[in-house]
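Residues per chain, in single letters:
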Amino acid sequence: MIIRKVTIDDWKILLSWRNDIITRKNSHNMELIKEESHKKWMLSILKNINRKLFIAIENEKAVGTVRADFEEKTKSYELSWTISPDFRGKGIGKKMLKLICINLNAKVKAEIKKENIASIKIAEFAGLKLKKNIKGVLHYSN
Ligand SMILES: CC(C)(COP(=O)(O)OP(=O)(O)OC[C@H]1O[C@@H](n2cnc3c(N)ncnc32)[C@H](O)[C@@H]1OP(=O)(O)O)[C@@H](O)C(=O)NCCC(=O)NCCS
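Since the model is a prediction, treat every value here as computed from it, not as a measurement. Each chain carries its own residue numbering, running from 1 in the written order of its sequence. Given that the model is predicted, a residue must reach a pLDDT of at least 70 before its local features are reported, and side-chain atom pairs must reach 80 or more before they are shown or counted; all residues, however, enter totals for whole chains, interfaces and linings. Neither water nor hydrogens contribute to the side-chain values; these are computed over all heavy atoms in the structure.

A. Here's a closer look at the pairing of strand 6 (residues 129-134). A pair of strands is considered paired only if DSSP assigns at least 2 bridges between the two. Strands are runs of DSSP state E lasting at least two residues, helices are runs of H or I lasting at least four, and both sets are numbered from the N terminus onward. With five bridges connecting them, strand 6 and strand 7 (residues 137-141) associate as antiparallel partners. By the bridge assignment for strand 7, K129 is matched with S141. Between strand 6 and strand 7, which pair antiparallel one after the other, the connecting turn spans two residues, and K135 there sits at a positive phi close to 50°.

B. Representation of the site of the ligand in the model. The near set for a molecule or strand comprises every residue that places at least one heavy atom within 4 Å of it. What surrounds the ligand is a group of 18 residues, the closest being W81, I83, G89, G91 and K94. Polar contact criterion, stated in full: a pair of N or O atoms within 3.5 Å, where within protein one must be able to donate a hydrogen and the other to accept it, and residues adjacent in sequence count only if both atoms are side-chain atoms. At 2.7 Å, a backbone N or O of I83 approaches an oxygen atom of the ligand. Interatomic distance of 2.7 Å between a backbone N/O atom of G91 and an oxygen atom of the ligand. Its free accessible area being 930 Å², the ligand has 71% of it covered by the protein chains. Those elements giving two or more residues to the shell around the ligand turn out to be strand 4 (76-83), helix 4 (92-104) and helix 5 (117-125). Among the residues forming the shell around the ligand, the class breakdown is five nonpolar, eight polar and five charged. Each accessible area is a Shrake-Rupley estimate made with a 1.4 Å probe; only the visible protein chains count as cover when residues are assessed. Basically, the charged four are Asp, Glu, Lys and Arg, the nonpolar ten are Ala, Val, Leu, Ile, Met, Phe, Trp, Tyr, Cys and Pro, and anything else, Gly included, counts as polar.

C. Just the sheet that holds strand 2 (residues 51-58), in detail. If you walk across this open sheet you meet the seven strands as 1-2-3-4-5-7-6, and the pairing is mixed. Looking at the sheet topology across the chains shown, the edges are occupied by strand 1 (2-5) and strand 6. Adjacent strand axes in the sheet meet at a mean angle of 30° when their direction is disregarded. With three bridges connecting them, strand 4 and strand 5 (residues 107-113) associate as parallel partners. Orientation is described by axes fitted as lines to C-alpha atoms, over the contacting stretch for helices, and by angles from 0 to 180 degrees between their N-to-C directions.

D. Structural view of helix 4. By definition here, a helix of n residues has an expected span of 1.5 Å times n minus one. With 13 residues, helix 4 should reach 18 Å at 1.5 Å per residue; the first-to-last C-alpha distance of 18 Å fits that figure. Working definition: with a 1.4 Å probe on protein chains only, accessible area under 20% of the residue-type maximum means buried, over 50% means exposed, and in between means partly exposed. Turning to helix 4, its buried residues number three or more, namely I92, G93, M96, L97, I100, C101 and L104. Looking straight down helix 4, one finds its buried side chains confined to an arc of 155°; they lie on one side. N105 sits one or two positions beyond helix 4 and adopts a positive phi of about 50°. Here the arc refers to the set of directions running from the helix axis out to each C-beta atom.

E. Region of the structure containing the nonpolar core. The nonpolar core is taken to be a set of buried Ala, Val, Leu, Ile, Met, Phe, Trp, Tyr and Cys residues, with the residues joined through side-chain atoms within 4.5 Å. Residues L79, W81, M96, L97, L104 and L128 are the most contacted members of the largest nonpolar core, which totals 26 residues. Of all the elements in the fold, those that place two or more residues in this core are strand 2, strand 3 (61-71), strand 4, helix 4, strand 5, helix 5 and strand 7. If one sorts the elements of this core by residue count, helix 4 sits on top with six residues. Among residues more than four places away in sequence, those in contact with L79 are V66, R67, A68, L97, C101, L104, V108, K109 and A110. By size, the runner-up hydrophobic cluster in this structure holds 10 residues, among which are V6, L14, M42 and I57. In this description, contact between two residues means that some pair of their heavy atoms is separated by no more than 4.5 Å.

F. Representation of the pairing of strand 5 within the structure. Classification remark: right-handed applies to a crossover when, strands pointing away from the viewer, the course from the first strand over the helix to the second runs clockwise. Regarding the hand of the β-α-β motif, the stretch spanning strand 4, helix 4 and strand 5 is right-handed. Two strands pair when backbone bridges link them, and strand 5 and strand 7 are joined in this way by five bridges, in the antiparallel orientation. Within the sheet, the bridge partner assigned to E111 lies in strand 7 and is H139.

G. Molecular detail of the environment of K135. Relative to the helices and strands, K135 is located in the loop between strand 6 and strand 7. The exposure class of K135 is exposed, given its relative accessible area of 85%. Placed 22 residues apart in sequence, K135 and K113 show a C-alpha to C-alpha distance of 9.2 Å.

What follows is the structure in structure tokens.
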């Protein structure tokens with residue numbers, strides 16, 4: 001697996017993953033995102049030095065994405081991830097998040113809905129530990 005930075009040319013695939021019904025169910029913001037607002041969001045991330053957007057490539061196919069937002073106060077990255085609907089359930093999420101954590105080599109955290117069993121396993125596989133449960137949202141960090 002290769003991890004590279006996202007470019008604006010990746011907008012279409014990222015939007016299709018973001019608007020997938022399971023992604024929306026597991027996100028804080030569950031609304032359908034429109035093309036224009038998605039492109040604006042991507043451009044703002046790409047020029048923000050505190051936000052990093054990665055895409056994972058396996059066998060020359062884009063299989064997943066991770067966003068890492070640096071939080072000055074805690075000096076840590078808040079992570080959020082999605083696997084392409086075509087490649088779920090194949091261990092790619094575990095592999096991708098572990099690789100990202102190794103590459104970032106920093107404090108990281110993630111908020112996961114308690115029903116999202118696959119993401120809980122992914123976080124634990126990457127070395128994150130459960131710190132608190134706030135109204136069914138699990139706060140993980142390393
Ligand atoms: C959640 C998500 C990231 C999982 O990615 P994935 O590549 O399919 O996960 P993996 O194949 O690495 O599986 C990780 C573990 O979860 C298990 N798993 C996978 N899908 C599962 C499901 N739907 N229900 C229960 N367990 C599941 C796997 O068996 C594996 O368990 P193991 O470690 O015991 O073998 C992916 O489904 C996704 O993108 N969902 C939508 C977005 C999302 O939820 N993002 C996370 C927000 S915090």
